[in-house]
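Take a look at the letters that make up each chain.
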Amino acid sequence: MKGILLGKNLEGLKEAAAECGLKPFVGKQLAEWLYVKRVSSFDAMTNISNASKAALSDKYDIGTAPSIGKAVSSDGTAKYLFPVVWGGEGSAVEAVVIPEEDRRTLCVSSQAGCKMGCRFCMTGRQGWHGNLSAADILNQFLGVDSPQTLTNAVFMGMGEPLDNYGAVSQALEVLTAPWGFAWSPKRITVSTIGVLPALKRYLDGQRCHLAVSLHNPFPEEREQMMPVQKAFDEREIISLIRQYDFSGQRRVSFEYTMFAGWNDSRRHADALIRMLRGLECRVNLIRFHKIPDFPYESSSQGVMEAFRDRLSNNGITCTIRASRGEDILAACGMLAGKHRQE
Ligand code: SF4
C-alpha cells in the first residue's frame with residue numbers, strides 16, 4: 001500500500017523524498033506544493049522533474065479526496081461530507097463552514113464517530129468507527145469551497161480531538177508551521193470534553209486556544225449525560241487548567257449547552273461561578289438542537305439570558321452563541337448519521 005504525503009511535516013517530507021532516491025530539497029518543494037499552493041496532483045508540481053514525480057507517485061499518494069456531499073443553509077452555513085480515506089476507512093465525516101461578517105470558520109472533525117457517548121450527541125450515538133489521520137483532518141481544510149478564504153478553525157466537529165491527539169497534533173503542526181499553512185495559533189481552537197492525560201500534553205505542547213465542554217457544574221449530574229465524567233472529573237480538569245496562563249494570547253472557554261430543567265437554574269449558575277472564579281475565561285451558552293429520542297429541550301431565550309446575566313454580573317464573560325444552519329441538520333453528527341443509514 002502506498003504512503004500518504006499530506007499531513008507529513010517538513011522532516012517527514014524530506015524523508016519521503018530520500019526514500020524515493022531524491023534530494024532533501026524536494027521535500028521542501030513538496031511542502032510548498034501541498035501546503036502553500038495546495039495542489040492535489042503530482043502533475044501540478046511544475047518545478048519537480050518528471051522522473052522525480054514518477055518516483056514519488058510510485059510510493060506515495062498526495063492524500064486529498066473531494067467531498068461527497070454538501071448542504072447549504074439559508075444563513076450561508078455550509079456542511080460538507082468527506083470520505084475518511086486514510087484513517088477509519090469507509091466512514092464519512094462532516095466539516096462545516098460558518099461565514100460571519102469578519103471571518104469564515106471551519107468546524108473540523110477528528111474521528112469517525114466517537115467513543116465518549118454523550119447522551120445529547122448524534123455522533124456519540126453512532127459509536128466509534130476509527131480515528132482520522134492527519135491527512136483526513138487536513139483534507140477538510142483543502143476540500144471546502146474557497147479554502148484560501150478560511151480565517152479560523154474549531155475542532156468541534158465529530159469525535160473527541162484529544163482521543164486522537166497524535167493525528168490532531170500532527171495536523172496542528174502543519175497548520176501553524178511557516179513551511180505549512182502558516183496560520184497563527186490564535187486562529188485555531190481545539191474543543192474537548194476533558195481527556196486529562198492528552199489535555200496536559202495539549203496545554204504543554206500547543207499554543208492554540210482551548211474550549212472545554214462542561215455543561216454542568218455538578219459532577220454527579222454531569223455524569224448522567226457525559227459518562228466520561230467517571231474517568232475524568234471536571235474538578236480535576238479545572239484544576240489542571242488553573243496551572244496554565246490564559247491571560248495572554250491563548251484563551252480558554254467553556255461550552256455550556258442549555259437544557260430546560262436540567263442545567264439552567266440559578267443553583268447551576270452559582271455553582272458555575274464558584275467553579276470558574278478567578279480564572280481568565282469565557283463561557284459560551286449554546287442552544288440545544290433537538291435530536292430524536294432524547295427527553296430534553298433547549299432552555300428558552302429568556303432563561304438563557306438570565307443565566308448569562310448572572311454570570312456576567314459575577315465577573316465571568318459570558319455570551320449566548322448564535323445558532324447557525326438549523327435547516328441543514330447542523331447539530332454535530334446528523335448529516336453523517338444520515339449517510340450511515342443510507
Ligand atoms: Fe463525542 Fe463530542 Fe459527541 Fe461527546 S459531544 S459524544 S465528545 S462528539
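The next thing to look at is the overall build of the protein. Along the backbone of the protein there are 13 helices and 14 strands. Taken over the C-alpha trace, the protein has a radius of gyration of 21 Å; the compact-globule value for 342 residues is 20 Å, and the two agree within 12%. When the backbone C-alpha atoms are referred to their principal axes, the protein occupies close to 70 × 45 × 40 Å. Every one of the 342 residues in the protein was classed for burial, and the buried ones make up 56%. Taking the contacts inside the protein whose residues are at least 6 apart along the sequence as the reference set, 66% of them involve residues at least 24 apart. Approximately 14,700 Å² of the protein is accessible, and the part contributed by carbon and sulfur atoms is 48%.

What follows covers the packing of helix 11 (residues 266-276) against helix 12 (residues 301-313). Where helix 11 meets helix 12, the axes come as close as 10 Å, and the angle between the chain directions of the two elements is 30°. On the basis of their axis angle, the class for helix 11 and helix 12 is roughly parallel. Crossing handedness for the pair helix 11 and helix 12: right-handed. Packed against helix 11, whose contacting residues are Arg266, His268, Ala269, Asp270, Leu272 and Ile273, the element helix 12 presents Phe307, Arg310 and Leu311 at the interface.

So, about unusual backbone geometry. If you check the backbone angles, Arg38 has positive phi at about 55° while not being a glycine. Mapped onto the secondary structure, Arg38 falls in the loop between helix 2 (24-36) and helix 3 (50-59). You will see that Asp293, though not glycine, has its phi angle at about 55°, which is positive.

Right, let's talk about the pattern of salt bridges for a bit. Inspection of every chain in the model, using the stated rule, returns 11 salt bridges. Note that Asp145 and Lys70 form a salt bridge whose closest N and O atoms lie 2.4 Å from each other. Highlighted residues: Asp145 in the loop between helix 5 (134-143) and strand 9 (152-155) and Lys70 in strand 3 (residues 69-72), separated in sequence by 75 residues. Owing to a relative accessible area of 45%, Lys70 belongs among the partly exposed residues under this scheme. Residues Lys79 and Glu94 are paired through a salt bridge, measuring 3.2 Å at the closest nitrogen-oxygen approach.

Tyr35, Phe141, Ile241, Phe254, Leu276 and Val283 are the most contacted members of the largest nonpolar core, which totals 107 residues. The greatest single-element share of this core, amounting to seven residues, is contributed by helix 6 (residues 165-176). With sequence-adjacent residues up to four places away left out, Ile241 is seen in contact with Leu203, Leu210, Val212, Phe246, Val252, Phe254 and Leu279.

For a regular strand, side chains alternate in direction, first toward one face of the sheet and then toward the other. Counting buried residues in strand 11 (residues 209-213) gives five out of five residues, a clear majority hidden from the surface. Burial of the side chains of strand 11 extends over both faces: His209, Ala211 and Ser213 are buried on one face and Leu210 and Val212 on the other. Alignment of strand 10 (residues 188-192) against strand 11, held across four bridges, turns out to be parallel. Note on strand 11: the bridge partner recorded for Thr189 is His209. Viewed along the sheet, the connection from strand 10 through helix 7 (residues 196-205) into strand 11 turns out right-handed. In the sheet, strand 11 pairs with strand 12 (residues 252-258) via four bridges, with the strands oriented parallel. Pairing of Val212 across the sheet is with Phe254, part of strand 12.

As paired strands, strand 3 and strand 4 (residues 78-83) are joined by four bridges and run antiparallel to one another. Paired with Lys70 across the bridge in strand 4 is Tyr80.

Rules behind the numbers
- Residues numbered from 1 in each chain as written.
- Predicted model: local features only at pLDDT ≥ 70, side-chain atom pairs only at ≥ 80, totals over all residues.
- Heavy atoms only, no water.
- Helix = DSSP H or I, 4+ residues; strand = E, 2+ residues; numbered from the N terminus.
- Rg over C-alpha atoms; globule rule 2.2 N^0.38 Å.
- Buried < 20%, exposed > 50% of the residue type's maximum accessible area, 1.4 Å probe, protein only.
- Contact = heavy atoms within 4.5 Å.
- Areas by Shrake-Rupley, 256 points an atom, 1.4 Å probe, with all protein chains shown as cover.
- Axes fitted to C-alpha atoms, helices over the stretch in contact; angles between N-to-C directions.
- Parallel < 35°, antiparallel > 145°, perpendicular 65-115°, else oblique.
- Left-handed = near helix turned anticlockwise from the far one by under 90°.
- Salt bridge = Lys/Arg side-chain N within 4 Å of Asp/Glu carboxyl O.
- Core = buried A, V, L, I, M, F, W, Y, C linked by side-chain atoms within 4.5 Å.
- Pairing = 2+ DSSP bridges.
- Right-handed = clockwise from strand over helix to strand, strands pointing away.

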